[in-house]
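One-letter residues, chain by chain:
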Amino acid sequence: MKKLSECRIDFPSLSRQYNGRHLVYLDGPAGSQIPQSVIDAISNYYKTCNANTHGQFVTTNETDDLMHGVRGKLAAFLGAESAETISLGQNMTTLCFSLSRAIGRTLAAGDEVLITALDHEANRGPWLSLEQLGIVVKEVAMLPNGVLDYDDFEQKINDKTKLVAIGYASNLTGTINDIKKASALTEKVGARLVVDAVHYAPHFPIDVNELGCDFLLCSAYKFYGPHVGILYSKPGALENLPTDRLSTQEQTIPYLIETGTLNHAAFSGAGAAIDYLESFGNGDNTRDRLISAMTAISDHEHVLGKRLYTKLSEIDGIDIRGLDFSEMNRTPTISFYKEGITAEEICKQLGENSICGWDGHFYAKRAVEKMGLLDKGGVTRLGISIYTTEEEIDYTVNVIKKFFR
Ligand SMILES: Cc1ncc(COP(=O)(O)O)c(C=O)c1O
């Protein structure tokens, strides 16, 4: 079993220098760095078995096996029952639009869909587009601390609700949403539950069956893999959906929501990313090792996140949007605002000091708007990844302190 504290050596990009020191990657919520094993898997695919699927020769057969194997690894990562529950695509947004178009065809004008104010636009826009069909889209409100208003949730869900779309964790505030509660409320009215786990997946173990969701989406580039998207569908949930598809393509799960040729090389990298995560865990099988690894990752990152949160909170006038680190109810992603200095100015300063942070709304635009910060340039977001060190956190806080002086 590998130690998280020794992972930095696996990431070639961590040695990249800028302005006299190695880059500090606190932009994980926008995409993590990639270990050498993932880079090797991608390049080896091109070197040894680059082909399309479902043919009669060696490289196409190997590509079929590879893609099936990757689906199996992703199923183990999500606690899903089989490779057949995993559909693959370009990114989460594209898959979510495909899903919303298909589900939209099963709904009638006047049916309702519930989205949240805290969600990334990728889990709002596809559902809001159903308004064109006369479907009523309602929004669960957000409390000022960046937590969903569950009383509002209970008030808005009703017998007309046919689908609830909710994020597992906010890519803005790091808040982890109560999916079990959402699932119980959704089940009570017989609606579908769609969970956006893009921000949650790199930080905590996922068990789709425990959550009770119908669909769950995530993106490999947030958990040390390449830029591809993943859709889990509960057995029975996808089979009869009128998805966009060609008459020539496979009409069975998990393919019937996939269009065209997939990026096989990138998915080979996604499989390697799961292998990489698994190497930090122990247990008798892949699933157990992944749970053990992701639990170790959440503990490790929580300590680092708490350090960053505590040090930032000590800075005069800094306004952190999100929960503190007293409980395991948030990811290690911290967004803050400082009156009189825009997030863009802060991030430019960080950038000059070799620190990769992000400014703005990160597509969690509705939540930033609700916080009254949209016209003020949004917030500065810093995210912890498995390779983040205490030294990097202390250095970053010192750069911010100096800049604010
Ligand atoms: C919470 C969340 N949901 C969805 C997305 C969109 O993912 P993708 O880029 O794979 O479409 C992101 C991307 O940042 C995200 O953070």
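Residues numbered from 1 in each chain as written. Predicted model: local features only at pLDDT ≥ 70, side-chain atom pairs only at ≥ 80, totals over all residues. Heavy atoms only, no water.

Caption draft 1: Inspection of the site of the ligand at higher detail. Residues in contact with the ligand, as listed here, are Asn91, Met92, Thr93, His120, Ala122, Asn171, Asp196, Val198, His199, Ser219, Tyr221 and Lys222. A distance of 2.5 Å is found between an oxygen atom of the ligand and a side-chain nitrogen or oxygen belonging to threonine 93. One of the side-chain nitrogen or oxygen atoms of aspartate 196 is found 2.6 Å away from a nitrogen atom of the ligand. Within the complex, the protein chains bury 90% of what would otherwise be the 390 Å² of accessible surface of the ligand. Classifying every residue of the shell around the ligand by side-chain character gives four nonpolar, six polar and two charged. (Near = heavy atom within 4 Å. Polar contact = N/O pair within 3.5 Å; in protein donor to acceptor, adjacent residues only side chain to side chain. Areas by Shrake-Rupley, 256 points an atom, 1.4 Å probe, with all protein chains shown as cover. Nonpolar A, V, L, I, M, F, W, Y, C, P; charged D, E, K, R; others polar.)

Caption draft 2: Local environment of the sheet that holds strand E9 (residues 215-219). Ordered by their spatial adjacency, seven strands build an open sheet running E4-E10-E9-E8-E7-E5-E6, and the pairing between neighbours is mixed. On the outer flanks of this sheet lie strand E4 (86-89) and strand E6 (136-140), each paired with one strand and no other. Averaged over neighbouring strand pairs, the angle between their axes works out to 20° when direction is ignored. Sheet topology places E4 next to strand E10 (residues 229-233); four bridges connect them, and they run antiparallel. Bridge assignment links glycine 89 to a residue of E10, and that residue is glycine 229. Sitting on the sheet, helix H3 (residues 92-104) is in contact with E4, strand E7 (161-167), strand E8 (192-196), E9 and E10, with an inclination near 160° to E9. (Pairing = 2+ DSSP bridges. Helix = DSSP H or I, 4+ residues; strand = E, 2+ residues; numbered from the N terminus. Axes fitted to C-alpha atoms, helices over the stretch in contact; angles between N-to-C directions. Contact = heavy atoms within 4.5 Å.)

Caption draft 3: Structural view of the environment of leucine 231. By the element assignment, leucine 231 lies in strand E10. Sequence separation of leucine 231 and methionine 92 is 139 residues, and the distance between their C-alpha atoms is 7.6 Å. Apart from residues no more than four positions distant in its own chain, leucine 231 is found in contact with Thr85, Ile86, Ser87, Leu95, Leu99, Phe215, Leu216, Leu217 and Ile257.

Caption draft 4: Region of interest: the side chain of serine 298. In this fold, serine 298 is placed in helix H9 (residues 286-313). For serine 298, a relative accessible area of 6% corresponds to the buried category. If we ignore the near neighbours within four places in the chain, the residues touching serine 298 are His203, Phe204 and Met328. (Buried < 20%, exposed > 50% of the residue type's maximum accessible area, 1.4 Å probe, protein only.)

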